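Summary of the model geometry
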Amino acid sequence: MRKIKKNSSELKENSIIIEEDESKYLKQILLLGWLIPFFGLYVVYFMGIKLPKRTRMVMCELLNKNFTMTLFYIAILTPLRSFSATGLGEKLLGFLVFMFIASVIFQIRKTMAWLKGENVRYKYTFKFFKEEY
C-alpha cells in the first residue's frame, strides 16, 4: 500500500509540473499573438514546435481568427478603392474600423478566458489550421 500511495503522490507532483509547463507555453503563445499578431504564430506553427494540447488548440484558434479577419479586411478594402468617390466608401471604412475594434475586444475576452483555464473557441472563423493531437 505504501508504494501505491507513494506512486500516486509522485503522479500528482508530475501533473502539477505539466500544468505549470503548459501555462508557461500558453502565456508565451498569447504574448506572441499580441506582440506580432499576424506573423509570429505562423512561424511557430510551421516550425512544428511540440506544444501541449491545450496550447496548440489556443494557437490554432488565434491563427484561424487572424486568417479569417485578414480575409475579411481584404474583402472590404478591395471595393473601398472604387467606392471612395461616393459616400459608400466612408461607410465601408467606418464598418472596417468597427470590425477591427470588435475583433480586438473579442481577442481580449478570449485571452482572459484562456488564462483563467477555460477552453473557449471562436465561433465564426474558418478552420484552416487544425489542432494535431
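Refer to the structure presented above.
Residues numbered from 1 in each chain as written. Predicted model: local features only at pLDDT ≥ 70, side-chain atom pairs only at ≥ 80, totals over all residues. Heavy atoms only, no water.

**What to know about helix α4 (residues 87–116)**
This is how the line gets drawn: Comment: elements are numbered from the N terminus, with helices defined as DSSP H or I runs of at least four residues and strands as E runs of at least two. An expected span of 1.5 Å times one less than the residue number is assigned to each helix.
Between the first and last C-alpha of α4 there are 44 Å, a value that for 30 residues agrees with the 44 Å anticipated at 1.5 Å per step. The first or second residue beyond α4 is Gly 117, which carries a positive phi of 105°.

**Re helix α2 (residues 40–47)**
Counted only if it meets this: The cut-offs for exposure are 20% and 50% of the maximum accessible area for each residue type, with area from a 1.4 Å probe on protein chains only; residues under the lower value are buried, those over the upper are exposed, and the others partly exposed.
Looking at α2, one finds that the buried residues are Gly 40, Leu 41, Tyr 42, Val 44 and Tyr 45. Note on α2: the residue one or two positions beyond its end, Gly 48, has a positive phi of about 75°.

**Re the packing of aromatic side chains**
Selection rule: Centre distance within 6.5 Å is the pairing criterion for rings of Phe, Tyr and Trp, where only the six-membered ring of Trp is used; planes under 30 degrees apart are then read as stacked, over 60 as edge-to-face, and the remainder as tilted. Two thresholds decide whether a charge sits over a ring: the Lys NZ or Arg CZ must be within 6 Å of the ring centre and within 35 degrees of the ring normal.
Counted according to the given criterion, the structure contains 11 aromatic pairs. On the numbers, 6.2 Å between centres and 65° between planes, the contact of Phe 46 with Phe 129 is edge-to-face. Of this pair, Phe 46 sits in helix α2 while Phe 129 sits in the segment after α4, and the two are 83 residues apart along the sequence. Of the residues examined, Phe 46 reaches a relative accessible area of 60% and is grouped as exposed. A residue is classified by how much of its surface remains accessible, and Phe 129, at 10% relative accessible area, is buried. A ring pair is formed by Tyr 73 and Phe 100, whose centres lie 6.3 Å apart and whose planes are at 50°; its orientation type is tilted. One end of the pair, Tyr 73, is in helix α3 (residues 53–82); the other, Phe 100, is in helix α4, with 27 residues separating them in the sequence. Ring pairs connect the aromatic residues Tyr 42, Tyr 45, Phe 46, Phe 67, Phe 126, Phe 128 and Phe 129, which therefore count as one cluster. The lysine or arginine in question, Lys 24, covers the ring of Tyr 25, its NZ or CZ lying 5.4 Å from the ring centre. Residue placement shows Lys 110 over the ring face of Tyr 122; its charged tip is 5.5 Å from the ring centre.

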